[in-house]
Amino acid sequence: MINRVVVGVDGSPASVSALRYGAQEAALSGAPLWLLHALPPGGEAVYVRWPASVALCEARGDLARAELRAARDQALAGFTDSPEIVTRIVRGRPGAVLVAGADQEGDLLVLGSDARGVLRRGLSGSVHRHCLVHARCPVLITCLPESAGRRQRRPRPGAPSRTHQQ
């Protein structure tokens with residue numbers, strides 16, 4: 001039985017896909033949907049020494065709120081069975097924030113992955129690995145098709161065109 005669905009959201013296409021899946025699970029189970037965004041630590045010493053840099057901290061928080069709102073709006077667009085939604089932005093290492101956020105009995109932690117190459121996954125997969133090892137609840141990792149997470153490459157200015165004219 002699922003009592004709460006917790007989704008890690010960072011604004012990436014993979015996290016939007018995970019959020020969509022989490023919303024479906026929450027609607028089916030009648031559980032609330034928790035959206036967690038980890039704001040990486042760093043800069044606290046700077047804020048103590050130069051108080052004017054507090055504006056930078058606030059700007060990071062504003063950007064995180066905007067990313068979370070955009071991901072939520074994109075994932076839930078056209079969603080008819082909207083569950084109760086709770087959003088949280090927590091400062092800390094993403095893996096630790098997600099594990100701490102999904103610490104209740106009956107939680108389901110949902111994360112997104114974008115089916116990249118083995119090397120790239122090995123470098124960026126530490127959050128997934130941390131959650132799989134340390135979470136006290138089931139962890140579900142959704143996967144985008146390989147082409148869905150790719151961005152279109154734009155030609156460099158002045159670079160030769162790759163299209164052939166006949």
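What this report covers is the structure whose coordinates are included nearby. (Residues numbered from 1 in each chain as written. Predicted model: local features only at pLDDT ≥ 70, side-chain atom pairs only at ≥ 80, totals over all residues. Heavy atoms only, no water.)

## Things to note about the overall build of the chain
Assigned secondary structure in the chain consists of 6 helices and 5 strands. For the chain, the α and β elements follow one another from N to C terminus as β-α-β-α-α-β-α-β-α-α-β. For the chain, the proportion of its 166 residues judged to be buried stands at 35%. Looking at the chain alone, contacts between residues at least 24 apart form 77% of all its contacts between residues at least 6 apart. Within the structure as shown, the chain displays about 11000 Å² of accessible surface, and the carbon and sulfur contribution to it stands at 54%. (Helix = DSSP H or I, 4+ residues; strand = E, 2+ residues; numbered from the N terminus. Buried < 20%, exposed > 50% of the residue type's maximum accessible area, 1.4 Å probe, protein only. Contact = heavy atoms within 4.5 Å. Areas by Shrake-Rupley, 256 points an atom, 1.4 Å probe, with all protein chains shown as cover.)

## Quick notes on the nonpolar core
Among the nonpolar cores identified, the biggest contains 16 residues, and V5, V7, V9, L19, L33, L35 and V110 are the most heavily contacted of them. Contributions of two or more residues to this core are made by β1 (4-8), α1 (13-29), β2 (33-39), α3 (54-76) and β4 (107-113). The leading source of residues in this core is α1, at 5 residues. When sequence neighbours within four positions are dropped, the list of residues in contact with V9 reads S15, L19, L35, L36, H37, L68 and A71. Residues V6, V86, A102 and L109 belong to the second largest nonpolar core, which totals 12 residues. (Core = buried A, V, L, I, M, F, W, Y, C linked by side-chain atoms within 4.5 Å.)

## Regarding the pattern of salt bridges
What the rule picks out here adds up to 4 salt bridges. For D107, the salt bridge identified is with R4, shortest N-O distance 2.6 Å. Here R4 lies in strand β1 and D107 lies in strand β4, a separation of 103 residues in the sequence. Comparing D107 with R4, the two get one shared label, buried. Put simply, D62 and R65 hold a salt bridge, and the shortest N to O gap is 2.6 Å. (Salt bridge = Lys/Arg side-chain N within 4 Å of Asp/Glu carboxyl O.)

## Notes on the environment of A18
Looking at the element boundaries, A18 is found in helix α1. A residue is classified by how much of its surface remains accessible, and A18, at 0% relative accessible area, is buried. The sequence separation of A18 and L111 amounts to 93 residues, and the corresponding C-alpha distance is 5.6 Å. Excluding residues that lie within four positions of it along the chain, A18 makes contacts with V7, V110, L111, G112 and T142.

## Focus: the packing of aromatic side chains
Under the criterion given, the structure shown has 0 aromatic pairs. Residue placement shows R4 over the ring face of W34; its charged tip is 4.4 Å from the ring centre. (Phe/Tyr/Trp six-rings, centres within 6.5 Å; stacked < 30°, edge-to-face > 60°. Lys NZ or Arg CZ within 6 Å of the ring centre and 35° of its normal.)

## Remarks on helix α4 (residues 94-101)
Buried within α4 are the following residues: G95, V97, L98, V99 and G101. Buried positions along α4 lie against β1, β2, β3 (85-91), β4 and α6 (126-134).

## Structural notes on the environment of I2
Relative to the elements of secondary structure, I2 occurs in the segment before β1. Residue class for I2 comes out partly exposed when judged on its relative accessible area of 23%. The sequence separation of I2 and L28 amounts to 26 residues, and the corresponding C-alpha distance is 9.5 Å. Not counting chain neighbours up to four residues away, the residues in contact with I2 comprise E25, S29, A31, G106 and L108.

## Some details on the sheet that holds β4
On the basis of which strands lie adjacent, the open sheet formed by 5 strands has the order β3-β2-β1-β4-β5 and parallel pairing. In this open sheet, the two strands that pair with only one neighbour each are β3 and β5 (139-143). Strand-to-strand twist across the sheet, computed as the mean angle between neighbouring axes with direction ignored, equals 25°. Contacts from α6 reach β4 and β5 within the one sheet, and its direction differs from that of β4 by about 160°. (Pairing = 2+ DSSP bridges. Axes fitted to C-alpha atoms, helices over the stretch in contact; angles between N-to-C directions.)

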